[in-house]
Amino acid sequence: MNTMTLLSKSFPKVESYCSVHQVSKVQSGPYQICPKCAVSDVELHNADRQNEVDRMVRDKHFSGAMLPVRHAESGFKNYFVNENNRGQANARSQCVNYTKSISNGSKSNLIMVGSTGVGKTHLAVATARTLLSKGMFVRYITSEELAQRIMNAWGKDTKGQSEESVIYDFTQYHLLILDEYGLHDRDKRLELVHKVLYARYDAGKPTMLVSNLTISALQKDLGDRLWSRFQHDGLTVVECNWADQRVGVVA
Ligand SMILES: Nc1ncnc2c1ncn2[C@@H]1O[C@H](COP(=O)(O)OP(=O)(O)OP(=O)(O)O)[C@@H](O)[C@H]1O
Ligand SMILES: [Mg+2]
Ligand SMILES: [Zn+2]
């Protein structure tokens, strides 16, 4: 029995009619209600609740990616391409194409290099946001933070997380975006970051590496073994060589 029939049968009918539905109202306690209006109220309420739940799930999904607050609005749509700058157009289309390939299940990696303020993080976040909106799991982290996260696992207050389990956690995302690679990490820190890169390769998971290093310096920094692994499932290299967009220079 549906809700409307139940309401009509369970409560005594009264004289008055609902002008909207042209049916007799029923007496429910002190109120005279139209069974049809009551049902649509319930449906509306359920739809509101569902929208609220959907919104909360979406917020949680996005916040899990830890995108930088400064780039809260960065997307492909507001990445401007200066008409004289073919590099910008190229960088954007390479990232858009990469996003599509990842959403189609590709394991290929992307390396984006270039000097400061050219929009690397902007494009990386745009990639993340697009994949997140398709329901994929993405994690953004700077290389320094990643090394620190693993080093924290060595301390006493680790809440039971070992180095291995932190590294394992970082292999779970569909895409890991490692920003500011090579800025602060030397020696042990570099080794820890490399461990995550090896682990993701072994798990068949793609990584986006963003750096101020030149491509040849980056290749040297990764070393032959990682460089080889990075290329195995396909590698897109995005080079951003134009003026700093933070200082308002027209490229
Ligand atoms: N083509 C662009 N269209 C719109 N905004 C841009 C563009 N390029 C850069 N920006 C903006 O300029 C600022 C600097 O860009 P971003 O932080 O992405 O630089 P970056 O290349 O990551 O620099 P760094 O190497 O110093 O981290 C950001 O606010 C970004 O949104
Ligand atoms: Mg950046
Ligand atoms: Zn009604």
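Here the structure is shown first, and the text comes after it.
Calculation notes
Residues numbered from 1 in each chain as written. Chains lettered and ligands numbered in written order. Predicted model: local features only at pLDDT ≥ 70, side-chain atom pairs only at ≥ 80, totals over all residues. Axes fitted to C-alpha atoms, helices over the stretch in contact; angles between N-to-C directions. Helix = DSSP H or I, 4+ residues; strand = E, 2+ residues; numbered from the N terminus. Parallel < 35°, antiparallel > 145°, perpendicular 65-115°, else oblique. Contact = placed C-beta atoms within 7 Å. Nonpolar A, V, L, I, M, F, W, Y, C, P; charged D, E, K, R; others polar. Near = placed C-beta within 6 Å. Expected span 1.5 Å × (residues − 1). Buried ≥ 20, exposed ≤ 12 C-beta atoms within 10 Å, placed from the backbone. Core = buried A, V, L, I, M, F, W, Y, C linked by C-beta atoms within 7 Å.

Chemist: Got a minute to help me understand the packing of helix 5 (residues 143–152) against helix 7 (residues 187–202) in this structure?
Modeler: In a packed pair of helices, the relevant descriptors are the angle between the two axes and the axis-to-axis distance. Contact geometry for helix 5 and helix 7: axes closest at 9 Å, N-to-C directions at 90 degrees. Accordingly, the angle class assigned to the pair helix 5 and helix 7 is roughly perpendicular. Of helix 7, the residues touching helix 5 (which contributes Ser-143, Leu-146, Ala-147, Ile-150 and Met-151) are Arg-189, Leu-192, Val-193 and Val-196. Taken together, the residues of the contact of helix 5 with helix 7 sort by class into 7 nonpolar, 1 polar and 1 charged.

Chemist: Hey, could you run me through the site of ligand 1 in this one?
Modeler: Surrounding ligand 1, one finds 16 residues, the nearest of these being Thr-116, Gly-119, Lys-120, Thr-121 and Gln-245. Ranked by residues supplied to the shell around ligand 1, first place goes to helix 4 (residues 120–133) with 3 residues. Here the residues of the shell around ligand 1 are counted per class, giving 3 nonpolar, 11 polar and 2 charged.

Chemist: Quick question: what am I supposed to make of the environment of Ala-124 here?
Modeler: As for its placement among the helices and strands, Ala-124 is situated in helix 4. As for Ala-124 and Asp-179, which are separated by 55 residues in sequence, their C-alpha atoms are 8.4 Å apart. Excluding its chain neighbours within four sequence positions, the residues that come into contact with Ala-124 are Met-112, Ile-177, Asp-179, Met-208 and Val-210.

Chemist: Honestly, helix 7 in this entry has me stumped. Any pointers?
Modeler: Three- or four-residue spacings in an α-helix give side chains the same orientation, since the helix completes a turn every 3.6 residues. In a regular helix each residue adds 1.5 Å, so 16 residues correspond to 22 Å; helix 7 covers 22 Å between its end C-alpha atoms and thus fits that length. Restricting attention to buried positions, one finds in helix 7 the residues Leu-192, Val-193, Val-196, Leu-197, Arg-200 and Tyr-201. Buried residues along helix 7 sit in contact with helix 5, helix 6 (163–169), strand 6 (175–181), strand 7 (207–211) and helix 8 (215–232). Phi for Gly-204, located one or two positions after helix 7, is positive at around 70 degrees.

Chemist: Help me out: how do you make sense of the nonpolar core in this one?
Modeler: Ranked by internal contacts, the top residues of the largest apolar core, which has 40 residues, are Ala-128, Val-138, Ile-177 and Leu-178. Elements with a contribution of two residues or more to this core: helix 3 (86–103), strand 4 (109–114), helix 4, strand 5 (138–142), helix 5, strand 6, helix 7 and strand 7. Top element by residues in this core is helix 4. It accounts for 7 residues. In this structure, Ile-177 is in contact with Ala-124, Ala-128, Val-138, Arg-139, Tyr-140, Met-208 and Val-210, ignoring residues within four places of it in sequence.

That is the geometry; function is a separate question.
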